[in-house]
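Topology and contacts: notes
In case you want the letters, here they are:
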Amino acid sequence: MEIYYLKKEEFLNSVNIESLEKFTDGREYKCREKYLEHLCGLFLVKFIAKNIYNVEDTEIVLKNHKPVFANHKLNFSISHSKNIVMAAFNNKNIGLDVEYMYPRDYKRIMERYNRNIKNPTRHDFYRFWTLHEAEIKLNSEPKSIYCAFLNEDYVYTCVSDSVIVTKYGIKELTLKSKNINLEEEYENPQNLKA
């Protein structure tokens, strides 16, 4: 399993937005911010698949309500929260969730899900919540679970319905310049590095 992420604001400020929009899957959003977040996730998955995993055809389709590559067996899962867009890759089915740890009424929410922790901390709550969301994306019973923190404000959880058999790693997609044409970068990376 490998995880890649980008910092949304930095990414959007460094790329040509028109070139990002070329990666659309046709989904429509009422909110431009959610639309751009979605496009960041699509680009991240396609860019990493092509340039790290050598997947030539990065067309994504829905299979049992889950996005998959149309012509490749590499599995992925996308998540985003606040300023982080993240994608996990594995050779087995995988689910990923990342969350910015906003203050909430942790106890009330956990009670609603029959989790009776007397005084849950934000870490308790977000470990539970990201596991819950990652399991939904997995769409089956997890056999492997990995939970970690990114910086001090984010937690992420990956689950798989098999043993996570590839090496574990997390890498940030970094940018070397401004006004990056993502169509060109997708084909021949010069300004993006994972």
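Relevant structure appears above.
For clarity, every value in this text was computed on a predicted model and none was experimentally measured.

1. Details of the nonpolar core
In terms of nonpolar packing, the biggest core is built from 31 residues, with Phe11, Leu20, Phe43, Leu182 and Leu192 touching the most fellow members. Every element with two or more residues in this core is listed here: strand E1 (2-7), helix H1 (8-14), helix H3 (32-51), strand E5 (84-90) and helix H6 (182-187). When residues of this core are assigned to their parent elements, the largest contribution, eleven residues, is made by H3. Contacts of leucine 20, omitting those with residues within four sequence positions, involve Phe11, Leu12, Leu36, Leu39, Cys40, Phe43 and Leu182. Of all hydrophobic cores here, the second largest spans 15 residues; its members include Tyr5, Ile84, Val98 and Tyr154.

2. As for H3
Taking 1.5 Å of rise per residue, 20 residues should cover 28 Å, and H3 covers 28 Å from first to last C-alpha, within 8% of that figure. For H3, a buried count of 16 out of 20 residues is recorded, marking the element as mostly surrounded by other parts of the structure.

3. Description of the environment of isoleucine 60
One can find isoleucine 60 in strand E2 (residues 60-63). Note: C-alpha distance between isoleucine 60 and lysine 46 (14 residues apart in sequence) is 8.6 Å. Excluding anything up to four places from it in sequence, isoleucine 60 contacts Leu42, Val45, Lys46, Pro67, Val68, Phe69 and Phe76.

Cut-offs used in this document
- Residues numbered from 1 in each chain as written.
- Predicted model: local features only at pLDDT ≥ 70, side-chain atom pairs only at ≥ 80, totals over all residues.
- Heavy atoms only, no water.
- Core = buried A, V, L, I, M, F, W, Y, C linked by side-chain atoms within 4.5 Å.
- Buried < 20%, exposed > 50% of the residue type's maximum accessible area, 1.4 Å probe, protein only.
- Helix = DSSP H or I, 4+ residues; strand = E, 2+ residues; numbered from the N terminus.
- Contact = heavy atoms within 4.5 Å.
- Expected span 1.5 Å × (residues − 1).

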